[in-house]
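# Chains, contacts and geometry: an overview
What follows is each chain in one-letter form.
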Amino acid sequence: MELNKELLLSIEGGINLTGALIGSLTKAMNSILDVGRGLGSAIRRISSGKLCSL
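Okay, the overall build of the protein chain next. Along the protein chain, the regular secondary structure elements total 2 helices and 0 strands. Its C-alpha atoms give the protein chain a radius of gyration of 25 Å, more than 25% over the compact-globule value 10 Å for 54 residues. Sorting the 54 residues of the protein chain into buried and exposed places 0% on the buried side. In the form shown here, the protein chain has an accessible surface area of approximately 5,400 Å², with 63% of it arising from carbon and sulfur atoms. Within the protein chain, one finds 6 positive and 4 negative side-chain charges whose respective centroids are separated by 34 Å.

Glancing now at a nonpolar patch on the surface. Taken together, the side chains of M1, L3, L7, L8 and I11 make up a nonpolar region of the molecular surface, amounting to roughly 570 Å² of accessible area. By secondary structure assignment, the location of L8 is in helix α1 (residues 5–9).

As a further point, take helix α2 (residues 19–48). Its 30 residues place the ends of α2 43 Å apart at the C-alpha level, agreeing with the 44 Å of an ideal helix rising 1.5 Å per residue. In the stretch just after α2, G49 is the one whose phi turns positive, near 80°.

What follows covers the environment of G36. By the secondary structure assignment, G36 is in helix α2. With 14 residues separating them in the primary sequence, G36 and I22 have C-alpha atoms 21 Å apart.

Turning to the pattern of salt bridges, a few remarks are in order. Here the structure, examined in full by the defined rule, presents 1 salt bridge. A salt bridge links D34 to R37; the shortest N-O distance between them is 2.9 Å. Of this pair, D34 and R37 both sit in helix α2, 3 residues apart, which is roughly one turn of the helix. Classification of R37 as exposed rests on a relative accessible area of 51%.

Each value, and the rule that gives it
Residues numbered from 1 in each chain as written. Predicted model: local features only at pLDDT ≥ 70, side-chain atom pairs only at ≥ 80, totals over all residues. Heavy atoms only, no water. Helix = DSSP H or I, 4+ residues; strand = E, 2+ residues; numbered from the N terminus. Rg over C-alpha atoms; globule rule 2.2 N^0.38 Å. Buried < 20%, exposed > 50% of the residue type's maximum accessible area, 1.4 Å probe, protein only. Areas by Shrake-Rupley, 256 points an atom, 1.4 Å probe, with all protein chains shown as cover. Lys, Arg positive; Asp, Glu negative; His and termini not counted. Charge placed at Lys NZ, Arg CZ, Asp CG, Glu CD. Patch = residues over 30% accessible without salt bridge, like charges linked within 9 Å, V, L, I, M, F, W, Y side chains within 5 Å. Salt bridge = Lys/Arg side-chain N within 4 Å of Asp/Glu carboxyl O. Expected span 1.5 Å × (residues − 1).

Shown next, in the form of C-alpha cells:
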C-alpha cells in the first residue's frame, strides 16, 4: 500500500514525552525514595534504641 504525502503527514501516534515531564517524574521518584530512606532509618534507630537525646 502506497501513501501519498497528505496521508503521510496526517499519521499520528506514539507517546509525546517532553523533557520537562521526564524531569518532573524523576524528581518525584527521587523524593519518594528519600522519604523511604528516612523512614527506614528512623525505624532502624527506634528499634535499636539509638536515638539522639536533646
